[in-house]
Amino acid sequence: MKFLCVPCDTPMKLQTVAPPDRGSLSIVYACPECGYEMAMLTNAYETQAVQSLGVRIGPESDSTATAASGSTCPFSAMIPGTEDADRGQGAEPIPVRWTAAAEARLAKIPEFVRPMARTGIERFARDKGILEVDEQILDEARDFFGM
Amino acid sequence: MKGYHDIVGDGGSGILEQVAELRGRITDGLAGVRHLVAVGSGKGGVGKSTLTMHLAGALRARGLRVAILDADFNGPSQARMAGVQRALFVPGPHKVSLPRTSDGIAVFSMGSIIPESEALDFESAAHGESHTWRATREFSLLGEILASFEWGEIDLLLFDLPPGAERTVQYADFLDPRTSFLLVTIPSDVSRGVVARSVAALSKGSNRILGYVENMSGYYCRDCNAIKPLFTSSDSSALDIPCLGTVPFDPELARHCDLGIPFAALRDTPVGRGLDQVAQRFLDAL
């Protein structure tokens, strides 16, 4: 979808994306020539149709865009069964730290498998008596699980 | 006044660019995959998933490097059949590593992520009316899986498709044009009729149809060591594509699927021999 300022015959530019309100987005466009502003207000179905493409709405650097799409991940999907598997099994597990490099690797994987991956790797580390996950532990886990 | 095509870009929403960027990541992710084959039917309950897993096993036994993507997100069965229901997904330097069966077939299935007691659900801005967006969401999920997981250098990636003739065509539209299709039917006129519709629909596109496999082609009676008829069919609706073989029904195969036992255990049975023949014709057709 593109917007044109008819008096100026100039394409309008996206300015801001407000946080969603009951499924509706308010997306403001402005004409770079005359400064005229207009807002596109979506209904929930229109919002969902765009979100279903797995895209972020708004400029990447715009922090409001993340709020608008509901997540930093293309899947703002909620997929059940990805909760921490250790939860509800009695005693709290011993906390495991992650190095920045290991966290960076984890951040690259799709959000819907991230909680499950984190839990499994922390369990693998704990079983080895290690309380910090680094890239070496990740590589060991890959080898251990035959990947 | 300018028209849509006179304006470069989309004014800053970047939606088209993001869709194109994902397509690029998918292409990169599949660059090392020699052949892409979607196993579909149009008809449900004909054994697509079983055939996918055991065809992969038969090909693996011939030394091929094979992976399976269970594209049936709402009814995933490959995780159980592959024995990877409790698989761990480990992030590699760039992508996520895939769990493997005991005979070395890499498998992605939502069944490794979602317990069988739960259904795949998506958070939605629109309450209800999921028919307006759900398919789009599932295809964006498929795209992210293709782009994010480590398929590596392999000979073959098999897609286990969900049922539905229209879904088969949607996958043909979404997947790489070099994706070929293998269709599965059973020896009933009803099934052949539905599969014939899938053939007709797929024929309108550019994807190649390798042929079909007739599954449940009789049943193997272990007591009398013979194949007996399972369906009576007039055979009046023969499919106008090559038949790559027949595979009889064997309750032992169903048990193996439930327990995640690999193909090797069945190799010296009529089912195993049928699958082996399908594997050879499949390779010839590729």
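Residues numbered from 1 in each chain as written. Chains lettered and ligands numbered in written order. Predicted model: local features only at pLDDT ≥ 70, side-chain atom pairs only at ≥ 80, totals over all residues.

## Description of the overall build of chain B
The number of helices and strands found in chain B is eight helices and eight strands. Taken over the C-alpha atoms alone, chain B extends approximately 80 × 45 × 40 Å along its principal axes. Buried residues in chain B amount to 48% of all 286 residues. Counting only contacts in chain B whose residues sit at least 6 apart along the sequence, the fraction spanning at least 24 positions is 80%. (Helix = DSSP H or I, 4+ residues; strand = E, 2+ residues; numbered from the N terminus. Buried ≥ 20, exposed ≤ 12 C-beta atoms within 10 Å, placed from the backbone. Contact = placed C-beta atoms within 7 Å.)

## A closer look at the overall build of chain A
Secondary structure summary: chain A contains five helices and seven strands in total. What you see in chain A, going N to C, is helices and strands ordered as β-β-β-β-β-α-α-β-α-α-β-α. Evaluated residue by residue, chain A yields a buried proportion of 32% over its 147 residues. In chain A, the share of contacts with a sequence separation of at least 24, taken over all contacts with a separation of at least 6, comes to 47%.

## A closer look at the confidence of the model for chain B
Confidence in the prediction for chain B averages 89 pLDDT; 98% of positions are at 70 or higher. With pTM at 0.85, the complex prediction returns an ipTM value of 0.71. (pLDDT = per-residue confidence, 0-100.)

## Comments concerning the interface of chain B and chain A
Buried accessible area, meaning the area lost when the parts come together, often serves as the stated size of an interface. Contacts between the two partners involve 45 residues from chain B, matched on the other side by 53 residues from chain A. Among the elements that make up the side of chain B that touches chain A, the one with the highest residue count is helix α4 (residues 134–148) of chain B (seven residues). When its residues are assigned to classes, the side of chain B that touches chain A shows 23 nonpolar, 13 polar and nine charged. (Nonpolar A, V, L, I, M, F, W, Y, C, P; charged D, E, K, R; others polar.)

## A look at the sheet that holds strand β3 (residues 13–17) of chain A
All names here are of chain A. Sheet architecture is open: three strands sit in the order β3-β4-β5, paired in antiparallel fashion. Strand pairing shows two members of the sheet lacking a second neighbour, β3 and β5 (37–41), which therefore form its edges. Put simply, the sheet's adjacent strands are angled 30° from each other on average, direction ignored. Sheet topology note: the strand β4 (residues 26–30)/β5 ladder contains five bridges and is antiparallel. Looking at the pairing, Tyr29 lines up with Met38 of β5. (Pairing = 2+ DSSP bridges. Axes fitted to C-alpha atoms, helices over the stretch in contact; angles between N-to-C directions.)

## What to know about the packing of helix α4 (residues 114–127) of chain A against helix α5 (residues 135–144) of chain A
Residue and element names in this part refer to chain A. For the pair α4 and α5, the least separation of the axes is 10 Å and the interaxial angle reads 95°. The pairing of α4 with α5 is recorded here as roughly perpendicular in orientation. Listed contacts from α5 to Ile121, Phe124 and Ala125 of α4 are Ile137, Leu138, Ala141 and Phe144. The residue inventory of the contact of α4 with α5, partitioned by class, reads seven nonpolar, no polar and no charged. (Parallel < 35°, antiparallel > 145°, perpendicular 65-115°, else oblique.)

## Some words on helix α6 (residues 189–203) of chain B
Side chains that are three or four residues apart share a direction in an α-helix, a result of its 3.6 residues per turn. For α6 of chain B, spanning 15 residues, the distance from its first C-alpha to its last is 20 Å, which sits close to the expected 21 Å at 1.5 Å a residue. Those residues of α6 of chain B that are buried lie in contact with β1 (33–40), α5 (165–174), β5 (180–185) and β6 (209–221) of chain B. (Expected span 1.5 Å × (residues − 1).)

## A word on the nonpolar core
By size, the foremost hydrophobic cluster in this structure holds 91 residues, and its most contacted members are Val39, Leu55, Ala67, Phe89, Leu158 and Phe159 of chain B. What Val39 of chain B contacts, discounting residues up to four positions off in sequence, is Lys48, Leu51, Thr52, Leu158, Phe159, Asp160, Leu161, Leu182 and Val184 of chain B. Core analysis: the second largest hydrophobic core is formed by 13 residues, Met12, Leu25, Ile27 and Tyr29 of chain A among them. (Core = buried A, V, L, I, M, F, W, Y, C linked by C-beta atoms within 7 Å.)

## Quick word on the pairing of strand β8 (residues 243–249) of chain B
Residues and elements named next belong to chain B. In terms of burial, β8 is a largely internal element, five of the seven residues being buried. Pairing analysis gives four bridges linking β6 to β8, with the strands arranged parallel. From the neighbouring strand, Tyr212 faces β8, where its bridge partner is Cys243.

## Overview of unusual backbone geometry
The phi dihedral of Asp9 of chain A is positive, around 55°, even though this residue is not glycine. On the neighbour-count criterion, Asp9 of chain A (12 C-beta atoms within 10 Å) is exposed.

## Describing the pairing of β4 of chain A
Residue and element names in this part refer to chain A. With burial as the criterion, only one face of β4 is covered, namely that bearing Ile27 and Tyr29; the residues Ser26, Val28 and Ala30 on the opposite face remain uncovered. Inspection of the sheet shows β3 paired to β4 by four bridges, in the antiparallel sense. What sits directly across from Thr16, in β4, is Val28. The turn linking β4 back onto β5 is made up of six residues, and Gly35 within it adopts a positive phi angle of 80°.

## Description of the confidence of the model for chain A
Reading predicted coordinates in detail is not appropriate for stretches of low pLDDT. Residue and element names in this part refer to chain A. On average, residues of chain A carry a pLDDT of 77, and 76% of them reach 70 or more. Element-level mean pLDDT values for chain A span from 38 in helix α2 (residues 63–69) up to 96 in strand β1 (residues 4–5). In this model residues 61–89 is a low-confidence stretch, pLDDT under 50, and it forms 72 contacts with partners more than four residues away in sequence or in other chains.

## Examining the environment of His256 of chain B
All names here are of chain B. With respect to the helices and strands, the residue His256 is situated in helix α7 (residues 251–259). Residue His256 is classed as buried on the basis of its 21 C-beta neighbours within 10 Å. Apart from residues lying up to four places away in sequence, His256 is in contact with Ile261, Ala265 and Leu266.

## Topic: the packing of helix α2 (residues 48–61) of chain B against helix α8 (residues 270–285) of chain B
All names here are of chain B. Contact geometry of α2 with α8 gives a least axis separation of 9 Å together with a crossing angle of 75°. Regarding the angle of α2 to α8, the classification is roughly perpendicular. Contacts between α2 and α8 involve His54, Leu55, Ala58 and Leu59 on the former and, on the latter, Leu275, Asp276, Val278, Ala279 and Phe282.

## Considering α5 of chain B
All names here are of chain B. Here α5 has its buried residues at Ala165, Thr168, Val169, Tyr171 and Ala172. Down the axis of α5, the buried side of the element spans an arc of 155°, and every buried residue falls inside it. Of the exposed residues in α5, those oriented more than 90 degrees away from the buried face are Glu166 and Asp173. Buried residues along α5 sit against β1, β4 (154–160), β5 and α6. (Arc of directions from axis to C-beta.)

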